[in-house]
Amino acid sequence: MAEERTGKRRLAPEDIYEIALVSDAQISPDGQRVAFVRTVLDRERNDYRSSIWLVDVAGGEPVRFTTADARDSFPRWSPRGDRLAFLSNRSGKDQVWLISLGGGEAQQLTRFPEPVTHFAWSPDGTTLAVVTKAETAEPPEKEPEPETDVVRITRIRYRSDGTPGFLDEKRSHIWCVPVDGGRPWQVTSGDFDESWPAWSPSGHEIAFVSNRTPDREYNTVSEIWAVRASGGEPRPVATGDAAYFFKPVWSPDGTVLAFTGHREPFAGSSRNHQLWAVAAGGGEPASLTSALDRSVEDEVLTDTAASSKPGPIWAPDGRWIYTQVSDQGNVHLYRIPAGGGEPQLVVGGRRRVVDFSLSADGSLIACTVSEPLNPCDVIVCSADGSGERRLTRVNEEFFATVELSEPEEVWLPSASEDRRPIHAWIMKPIGFREGVRYPLVLEIHGGPHAMYGNVYFHEFQLLAAQGYAVLYTNPRGSQGYGQQFLSCTRGAWGEADMPDLMGAVDAVIERGYIDPSRLGVTGGSYGGFMTNWVIGHTDRFKAAVTQRCVSNLASFYGTSDIGFHFGEHEIGGTPWEQPELYRRLSPLTYAPQMKTPLLILHSEQDYRCPIEQAEQLYVWLKKLGRTVEFVRFPDESHGLSRSGKPKHRVERLQHILRWFAEYL
Ligand SMILES: CC(=O)N[C@@H](C)C(=O)N[C@@H](C)C(=O)N[C@@H](C)C(=O)O
């Protein structure tokens, strides 16, 4: 029903079906067109559908270019710009398809027995380097029937969130596939995984990511290697036990390899990713962004986006390397001088640059961007960021019909002794009136080393539409504020960051339009940990919803797919070396002090924060006679809120609204 005030209606959970997601903006080599992926939620099929679209850089209506009833993704122009290669699951598993820009049907190029997960065009356009677990290029006569459904586990890393079941023993390798006929050949092999193939400008070599250390089963190393495109023994480029490197890309003259990452593999997500350069022949890499004190990865969280997680891109003159930078709730596009020096902001603003690409002459950039009131659109600009133009208006018509709450960006004093200003956003409820005091929901992000930011977030807008004020913050441990801030939560999960959250709540109450007797709290993953922690340490919240949470750090150490290093680094040691520390920092320890009515939402196949984290908390609180409910989502992973089955995503949002409506 439209509001008389605005003629617009309030947002509803089902509106996720109305929002199209654009991503992976790939500008053609000649800079004339942009290919991008458009993803929609298909209500009837309870699934996602995505297709490749084209839009002229000069403007005009985008045109749908692939029309299969499938998920098409990862469009990549041939070097001549006459063809697009893309991934599609239209044959059942993701394989590479080719389509001519002259029109006509897409042609299936690969028929590996296993999915293709990545590919890259050779500089001469004759060959694709393809990543797959397949051990042959020939399609199976028929899917082999497993002899048994019993699983024998021998590796310490045996499952990964989002993949069905457990990991098999197969390894991802690089194959080369001629695009105009000819037999594919396997380039890499052995008891190693390879990913992110990157051709040298000569086409003679392929750089890639792999962990080839002897102790790879038990470490988190990620190295850069190179191999002749014809195959043979790979050679080290940036390797060793201090390598946590990703996304290699060759300089235009082939003398340098750039890549992202850091030098503390065990620290994983708790360190800023930097941009590195190393001689293509190998050697000691040098960081080009150490003075930036920001991550060159996209660290922002949202429930409404598709992202291709792009790598760095060289300018064709070799002077610059373009990369994302996460900074205080924004993800910007910078270009870094290849020889070192002051990074230059190219695409900034209160928004997230989700992905980007460069025309062959380096004069034009295409990006997908997300803003607080607009989930996604494609823009184009010059190489220095000037002359920005929006090429799509994907959701403009829909958002003209619903009323959104514009987040107010603020800095609020922590309740900690240092009173440190904490970056936060406040959303007033739809229909806000002066003089009225509203219920407030505190949203807590996960990671912990991630960040909220200037992006559209459907769950938050939904709460505002339901009449709640919404507060979301980047407390200590968040990305975007430098390495020292990022490291604050180490060995102090909950203890270091709760004061930041409570200070922010206090400050918003001070504004006079919040009813302090109607406070709610929610969050997912580490945000679920913090939701549990908060209600175990204060009764000020009248309702709580913990999502994909962590409750028991000792069992999390042995069940999370992140791996044992996460607990050892983030908490400090192993559960058997530090039992008291694991007990002290586990929210479950404080269950007897938890009085807030709690809704527990969890996915059955969550391998990041397995459902045992929720089960323990639920049974303890039921035994303690607390108001607690446990909602379990079958056939869903940790990513339910972002990429789960559409129907489950709607139901999840409905459960959150139901709980707050009942107890707030
Ligand atoms: C590899 C790694 O360390 N990943 C962590 C960022 C991670 O997945 N942490 C979870 C406990 C978490 O909090 N995830 C967040 C991002 C979520 O919202 O799921």
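Residues numbered from 1 in each chain as written. Predicted model: local features only at pLDDT ≥ 70, side-chain atom pairs only at ≥ 80, totals over all residues. Heavy atoms only, no water.

Note the following rule: UniProt positions are given in the numbering used here, feature names are shortened, and annotations may be inferred rather than shown by experiment.
Going by the annotation in an unreviewed UniProt entry, the name recorded for the chain is Acyl-peptide hydrolase, with Thermalbibacter longus given as the source organism. As recorded by UniProt, the Function (unreviewed entry) comment attached to the chain reads in full: "This enzyme catalyzes the hydrolysis of the N-terminal peptide bond of an N-acetylated peptide to generate an N-acetylated amino acid and a peptide with a free N-terminus. It preferentially cleaves off Ac-Ala, Ac-Met and Ac-Ser. Also, involved in the degradation of oxidized and glycated proteins."

### Quick notes on the UniProt feature "domain: Peptidase S9 prolyl oligopeptidase catalytic" (unreviewed entry) in the chain
The following threshold applies: Runs of H or I in DSSP of at least four residues are treated as helices and runs of E of at least two as strands, each being numbered from the N terminus.
In this structure's numbering, the residues bearing the UniProt feature "domain: Peptidase S9 prolyl oligopeptidase catalytic" (unreviewed entry) are residues 456-664. Across residues 456-664 one finds 44% helix and 16% strand; the C-alpha atoms that close the span lie 24 Å apart.

### Considering the side chain of His 569
Which entries qualify depends on this criterion: We call a residue buried when its accessible area falls under 20% of the maximum for its residue type, exposed when it is over 50%, and partly exposed in between, using a 1.4 Å probe and counting protein chains only. Polar contacts, as counted here, are pairs of nitrogen or oxygen atoms within 3.5 Å of one another; within protein the pair requires one atom able to donate a hydrogen and one able to accept it, and residues that are adjacent in sequence qualify only if both atoms are side-chain atoms. Note on contacts: a residue pair is in contact if any heavy atoms of the two residues lie within 4.5 Å.
Inspection of the secondary structure assignment puts His 569 in helix H7 (residues 564-572). Its relative accessible area of 5% is what places His 569 among the buried residues. Here Ser 270 takes part through its side chain, which lies 2.9 Å from a polar atom of the side chain of His 569. Once residues within four sequence positions are removed from consideration, His 569 is found in contact with Phe 266, Ala 267, Ser 270, Arg 271 and Arg 490.

### Observations regarding the site of the ligand
Note the following rule: Any residue with a heavy atom positioned within 4 Å of a molecule or strand is treated as near that molecule or strand. The protein chains shown are the only cover counted for residues, whose accessible areas, like all others here, come from Shrake-Rupley with a 1.4 Å probe. Basically, the charged four are Asp, Glu, Lys and Arg, the nonpolar ten are Ala, Val, Leu, Ile, Met, Phe, Trp, Tyr, Cys and Pro, and anything else, Gly included, counts as polar.
In the vicinity of the ligand, the contacting residues are Ser 269, Leu 301, Gly 446, Gly 447, Ser 525, Tyr 526, Arg 548, Ile 562, Phe 566, Arg 608, His 638 and Arg 642. At a separation of 2.8 Å, an oxygen atom of the ligand approaches a polar side-chain atom of Ser 525. At a separation of 2.8 Å, an oxygen atom of the ligand approaches a polar side-chain atom of His 638. Contact with the protein chains removes 83% of the 470 Å² of surface that the ligand exposes when unbound. When the residues that make up the shell around the ligand are grouped by side-chain class, the tally is 4 nonpolar, 5 polar and 3 charged.

### Overview of the sheet that holds strand E18 (residues 244-250)
In plain terms, the rule: In short, DSSP must find at least two bridges between two strands for them to pair.
The strand order across the open sheet built from 4 strands is E18-E19-E20-E21, with neighbouring strands paired in antiparallel fashion. Bordering the open sheet on either side are E18 and strand E21 (286-287), each of which pairs with just one other strand.

### A word on the pattern of salt bridges
The cut-off we apply is this: Salt bridges, as used here, are contacts in which a Lys or Arg side-chain nitrogen is within 4 Å of a carboxyl oxygen on Asp or Glu.
Taken as a whole, this structure holds 40 salt bridges when the rule is applied. Arg 45 serves as the salt-bridge partner of Asp 69, at 2.7 Å between the closest nitrogen and oxygen. Of this pair, Asp 69 sits in the loop between strand E5 (63-64) and strand E6 (72-77) while Arg 45 is found in the loop between strand E3 (33-42) and strand E4 (47-56), placing the two residues 24 residues apart along the sequence. Since its relative accessible area comes to 47%, Asp 69 is described here as partly exposed. A relative accessible area of 44% means that Arg 45 is categorised as partly exposed. Among the ionic pairs, Arg 216 bridges to Asp 191, the shortest N-O distance being 3.8 Å. On the criterion of sequence distance, the pair formed by Arg 216 in the loop between strand E15 (205-210) and strand E16 (223-228) and Asp 191 in the loop between strand E13 (185-186) and strand E14 (194-199) is long-range, its members being 25 residues apart. Taking the relative accessible area as the measure of exposure, Asp 191 reaches 45% and is therefore partly exposed.

### Side note on the nonpolar core
Defined as follows: Buried Ala, Val, Leu, Ile, Met, Phe, Trp, Tyr and Cys residues that are joined via side-chain atoms within 4.5 Å together make up what is termed a nonpolar core.
With 58 residues, the main nonpolar core has Leu 11, Val 34, Leu 463 and Phe 660 as its most contacted residues. Sort the elements by how many residues they give to this core and helix H11 (residues 646-663) lands first, with 6 residues. Every residue in contact with Val 34, bar those within four places of it in the chain, is listed here: Ala 25, Gln 26, Ile 27, Trp 53, Leu 54, Val 55, Val 57, Ala 366, Val 378 and Leu 391.

### Description of the sheet that holds strand E9 (residues 107-108)
Taking strand neighbours across the sheet as the criterion, the 4 strands line up as E6-E7-E8-E9 in an open arrangement whose pairing is antiparallel. One side of each edge strand has no neighbouring strand; the edge strands of this open sheet are E6 and E9. By the bridge criterion, 2 bridges tie strand E8 (residues 95-100) to E9 in an arrangement that is antiparallel. In the sheet register, Leu 98 faces E9, and the bridge partner there is Gln 107.

### As for the packing of aromatic side chains
Note the following rule: Only Phe, Tyr and Trp rings take part, Trp by its six-membered ring, and two of them pair if their centres are within 6.5 Å. Stacked means planes under 30 degrees apart, edge-to-face means over 60, and tilted covers everything else. For a lysine, the NZ atom is tested; for an arginine, the CZ atom; a charge sits over a ring if that atom is within 6 Å of the ring centre and within 35 degrees of the ring normal.
In this structure the tally under the stated criterion is 32 aromatic pairs. The interplanar angle of 85° and the centroid separation of 5.8 Å between the aromatic rings of Tyr 452 and Phe 457 together place this pair among those described as edge-to-face. There is no split in this pair, since Tyr 452 and Phe 457 are both buried. The rings of Trp 493, Tyr 526, Phe 529, Trp 533, Phe 556, Phe 566 and Tyr 590 are connected pair by pair, giving a single aromatic cluster. In this structure, Arg 263 packs its charged tip against the face of Trp 276, placed 5.8 Å from the ring centre.

### Structural notes on the pairing of E8
In terms of burial, E8 is largely enclosed, as 5 of its 6 residues are buried. Counted along the chain from strand E7 (residues 83-88) to the antiparallel partner E8, the turn is 6 residues long, and its residue Gly 92 has a positive phi close to 115°.

### A look at unusual backbone geometry
Gly 447 connects to Pro 448 through a cis peptide bond whose omega is 5°. Along the chain, Pro 448 turns up in the loop between strand E33 (438-444) and helix H2 (458-465). Phi angles above zero are rare outside glycine, and Phe 74 is one such case at about 55°. As for its placement among the helices and strands, Phe 74 is situated in strand E6. In this structure Phe 74 comes out as buried when scored by relative accessible area, which is 14%.

### Remarks on the environment of Glu 604
Structurally, Glu 604 can be placed in the loop between strand E37 (598-603) and helix H9 (612-623). On a C-alpha basis, the gap between Glu 604 and Pro 634 in space is 5.2 Å, while along the polypeptide they are 30 residues apart. Beyond its immediate sequence surroundings of up to four residues, Glu 604 is in contact with Ile 611, Arg 632, Phe 633, Pro 634, Asp 635 and Glu 636.

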